[in-house]
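Observations on chain architecture
What follows is each chain in one-letter form.
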Amino acid sequence: MQKSVMSQVQTGRLYAKQWPMRKELAPLFIEFKVIKATDLAITVMPILAMLTLFFQINYLGPDFLPQAIASALFFISLPLQGLLWLGKRAQTPLEPAMQRWYNDLYTKMLANGYQTQLNEKKPRYLELANLLKDMFDKMDKAFTKEQF
């Protein structure tokens, strides 16, 4: 089943909000870098697109309007590319080794008082993000330090 582009962008935003931005996870998952880069692109690229458009039209003249628009659209598309990647990654099922780690982590959290029930037989990265977020938010620091 193919999702629409807007639906995938919304899923990417949700995934970026759910993913715990912790330094312990940075070496293990690419999400840390992609989310940081996408957040930076969301703030910087619209400004850069407007400056590119302004300077190209101002200094090169209206004959270069198509090139200026193309450059501006490229800069505007960069944050969308990051959100699309995050949306696709959120819906990707975990690999077998990652799924075992996910189940082991869930079992350890249950042994330490975690209350939520697993509802997925084949968890995706979005469920991993939710579990990791709960681990950092609800479990004590000794538990999280033991895991990483």
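Residues numbered from 1 in each chain as written. Predicted model: local features only at pLDDT ≥ 70, side-chain atom pairs only at ≥ 80, totals over all residues. Heavy atoms only, no water.

With that settled, consider the pattern of salt bridges. Using the criterion set out here, one finds six salt bridges in the structure. Aspartate 134 is paired through a salt bridge with lysine 138; the nearest N and O atoms lie 3.9 Å apart. Placement of both aspartate 134 and lysine 138 in helix α5 (residues 125–138) is noted, with a separation of four residues, approximately one turn of the helix. (Salt bridge = Lys/Arg side-chain N within 4 Å of Asp/Glu carboxyl O. Helix = DSSP H or I, 4+ residues; strand = E, 2+ residues; numbered from the N terminus.)

Let's shift gears to the UniProt feature "transmembrane region" (unreviewed entry) in the protein. As recorded in UniProt, the sites labelled "transmembrane region" (unreviewed entry) are residues 40–59 and 65–86. From the first C-alpha to the last, residues 40–59 spans 28 Å; its make-up is 100% helix and 0% strand. Segment residues 65–86 splits into 100% helix and 0% strand. End C-alpha atoms: 33 Å apart. (UniProt positions renumbered as here; feature names shortened; annotations may be inferred.)

Moving on: the nonpolar core. If you look at the biggest cluster of nonpolar residues, it comprises 26 residues, and the most contacted ones within it are Tyr15, Trp19, Met109, Leu128, Leu132 and Met135. Breaking this core down by element, the ones donating at least two residues are α1 (5–18), α2 (31–60), α3 (65–91), α4 (96–111) and α5. For this core, the element with the highest residue contribution is α5, accounting for eight residues. Residues lining this core come from more than one domain, with at least three contributed by each of domain 1 (1–90) and domain 2 (92–147). Within the second largest apolar cluster, five residues are counted, among which are Ala41, Met45, Ala72 and Phe75. (Core = buried A, V, L, I, M, F, W, Y, C linked by side-chain atoms within 4.5 Å. Buried < 20%, exposed > 50% of the residue type's maximum accessible area, 1.4 Å probe, protein only. Domains from an automatic or database assignment.)

For α4, which comprises 16 residues, the first-to-last C-alpha distance of 23 Å matches the rise-based estimate of 22 Å (1.5 Å per residue) to within 8%. Along α4, the residues classified as buried are Met98, Gln99, Tyr102, Leu105, Tyr106 and Met109. All buried residues of α4 fall inside an arc of 125° around its axis, so they share one side. Residues of α4 that are exposed and point over 90 degrees away from its buried face: Pro96, Arg100 and Ala111. The inward-facing, buried residues of α4 abut α5 and α6 (141–147). One or two positions beyond α4, positive phi appears at glycine 113, with a value near 100°. (Expected span 1.5 Å × (residues − 1). Arc of directions from axis to C-beta. Contact = heavy atoms within 4.5 Å.)

This brings us to the side chain of glutamine 8. Mapped onto the fold, glutamine 8 is located in helix α1. If sequence neighbours within four positions are ignored, glutamine 8 has contacts with Leu83, Leu84, Gly87 and Lys88.

Taken domain by domain, the protein comprises domain 1 (1–90) and domain 2 (92–147). In this structure, domain 1 and domain 2 have C-alpha centres spaced 29 Å apart. Taken together, the contacts link 14 residues of domain 1 with twelve residues of domain 2. Across the interface of domain 1 and domain 2, roughly 1200 Å² is buried in total on both sides, 69% from carbon and sulfur atoms. At the junction of domain 1 with domain 2, the criterion picks out zero salt bridges. Linking domain 1 with domain 2 are three residue pairs in polar contact (both at pLDDT 80 or more), by the criterion used here. Breaking the side of domain 1 that touches domain 2 down by element, the ones donating at least two residues are α1 and α3. (Buried area = accessible area lost by both parts, 1.4 Å probe. Polar contact = N/O pair within 3.5 Å; in protein donor to acceptor, adjacent residues only side chain to side chain.)

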